[in-house]
Amino acid sequence: MNRDITSADVAATMTIETLYPSGFQLELFNADQGLIADAVQEVEARMSLDGYLSAGYTPSPKTVNITFEPNSPCIEYLTTLQNAQRANKHPYEIGLTVYIRATGVTKFFNHGYLQSGTPMSGVGKTLQPMSFSFVFESIE
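Everything numeric in this text was worked out from a predicted model, so none of it was measured.

### Let's talk about the overall build of the protein chain
(1) Moving on: Helix and strand counts for the protein chain come out as one helix and nine strands.
(2) Moving on: Each helix and strand of the protein chain, placed in order from N terminus to C terminus, yields the pattern β-β-β-β-β-β-α-β-β-β.
(3) Moving on: Taken over 140 residues, the protein chain has a buried fraction of 28%.
(4) Moving on: Long-range pairs, those at least 24 residues apart, make up 61% of the contacts in the protein chain between residues at least 6 apart in sequence.
(5) Moving on: Just so you have it, the protein chain exposes about 9100 Å², and 54% of that area is on carbon and sulfur atoms.

Pasting the structure below:
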C-alpha cells in the first residue's frame, strides 16, 4: 500500500493557444490551496409527485482553481492571458496536464478557458496569494 501523500513534487504544465503553445511549468503554488478541482455534477436527478426518482447524465464544465504565491513566474503568463482576452475580446484555449508523483496519477484537462483571475496581489502584512479559475470541457 502506498502511504505517500506528498504534494510538494506535483508537476503541472499549461499551454495557451497562440500565446504559449509550447507550454510553461506551473511553479510556486500556494501551500494551502495550490491546485483544486471542484466536484463535478454528472447526473441531474428529480423526484416525481408519486415518489419515483428519474435521472439523466448531463455534461457539465469541470472547474479547476489554481492559487499561486505572488512571486510566481506564472503570474506574468496569466496576466498576459487576461490582457490578451480583454484586448482581443477572445477567449484563448488552455490545456493543463497535472502529474501527481505520490499516486502516479496524470490528469489531462482539455479545451479549457480562464474564467476569472485575481487582478493583483492583496497587500497586507505580506503580499497575498493570487487565484485563477479555469473551466474545462473534459478531464482524462
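### Quick notes on unusual backbone geometry
(1) Moving on: Even without glycine at this site, Leu28 takes up a positive phi of about 60°.
(2) Moving on: As for its placement among the helices and strands, Leu28 is situated in the loop between β2 (20-25) and β3 (35-37).
(3) Moving on: Of note in the backbone geometry, Lys89 takes a positive phi value of approximately 50° without being a glycine.
(4) Moving on: Relative to the helices and strands, Lys89 resides in the loop between α1 (74-88) and β7 (94-100).

### Here we look at the nonpolar core
(1) Moving on: The biggest cluster of nonpolar side chains holds 24 residues, and the ones touching the most others in it are Met14, Leu26, Leu96 and Phe134.
(2) Moving on: Ignoring any residue separated from it by four or fewer positions in sequence, one finds Leu96 in contact with Ala12, Thr13, Met14, Leu26, Val64, Ile66, Lys107, Phe108, Phe109 and Phe136.

### Topic: the pairing of strand β8 (residues 105-117)
(1) Moving on: When β7 meets β8, the two strands line up antiparallel, connected through six bridges. Paired with Ile94 across the bridge in β8 is Gly112.
(2) Moving on: If you look at the hairpin formed by β7 and β8, you'll find four residues sitting between the two strands, and Gly104 has a positive phi there, around 75°.
(3) Moving on: Judged from the seven bridges that link them, β8 and strand β9 (residues 130-139) form a sheet pairing that is antiparallel. Following the sheet pairing, Ser116 is matched in β9 by Ser133.

### Quick notes on the packing of aromatic side chains
For any pair of aromatic rings, the description rests on two quantities: the centre-to-centre distance and the angle between the ring planes.
(1) Moving on: A complete count under the given rule lists seven aromatic pairs for this structure.
(2) Moving on: Arranged with centres 4.1 Å apart and planes meeting at 25°, the rings of Phe24 and Tyr77 form a pair that is stacked. Highlighted residues: Phe24 in strand β2 and Tyr77 in helix α1, separated in sequence by 53 residues.
(3) Moving on: For Tyr77, a relative accessible area of 28% gives the class partly exposed.
(4) Moving on: Pairing Phe134 with Phe136 gives two aromatic rings, centres 6.5 Å apart and planes at 35°, and the pair type is tilted. Here the two residues Phe134 and Phe136 agree in accessibility, since each one is buried.
(5) Moving on: Through a chain of ring-to-ring contacts, three or more aromatic side chains come together here, namely Tyr20, Phe24 and Tyr77.

### Concerning the sheet that holds strand β1 (residues 11-16)
(1) Moving on: Pairing in this open sheet of seven strands is antiparallel, and the strands run β2-β1-β7-β8-β9-β6-β3 from one edge to the other. Of all strands in the sheet, those with a lone pairing partner are β2 and β3, marking the two edges. In this sheet, neighbouring strand axes are inclined to one another by 30° on average, regardless of whether the strands run parallel or antiparallel.
(2) Moving on: Summarising the sheet, β1 and β2 pair through three bridges and their orientation is antiparallel.

The rules behind these values
Residues take numbers from 1 onward in each chain, read along the sequence in its written order. Where local features are concerned, this predicted model is filtered to residues with pLDDT of at least 70; where side-chain atom pairs are given and counted, the filter is 80 or more; whole-chain, interface and lining totals use all residues. Note: side-chain values were computed over all heavy atoms of the structure, leaving out hydrogens and water. Where helices and strands are cited, they refer to DSSP runs of H or I of at least four residues and of E of at least two residues respectively, numbered from the N terminus. Exposure categories follow from relative accessible area, calculated using a 1.4 Å probe and restricted to protein chains: below 20% of the type maximum is buried, above 50% is exposed, and the middle band is partly exposed. Contacts were defined at the residue level, with two residues in contact if any of their heavy atoms lie within 4.5 Å. Note on areas: Shrake-Rupley, 1.4 Å probe, and residue coverage restricted to the protein chains presented here. As used here, the term nonpolar core means buried Ala, Val, Leu, Ile, Met, Phe, Trp, Tyr and Cys residues forming a set that is joined through side-chain atoms within 4.5 Å. Any two strands with at least two DSSP bridges between them are considered paired. In this analysis, rings of Phe, Tyr and Trp, with Trp reduced to its six-membered ring, are considered paired at centre separations within 6.5 Å, and the interplanar angle assigns stacked below 30 degrees, edge-to-face beyond 60, and tilted for intermediate values. Between N-to-C directions, angles span 0 to 180 degrees; the directions come from axes that are lines fitted to C-alpha atoms, helices contributing only their stretch in contact.

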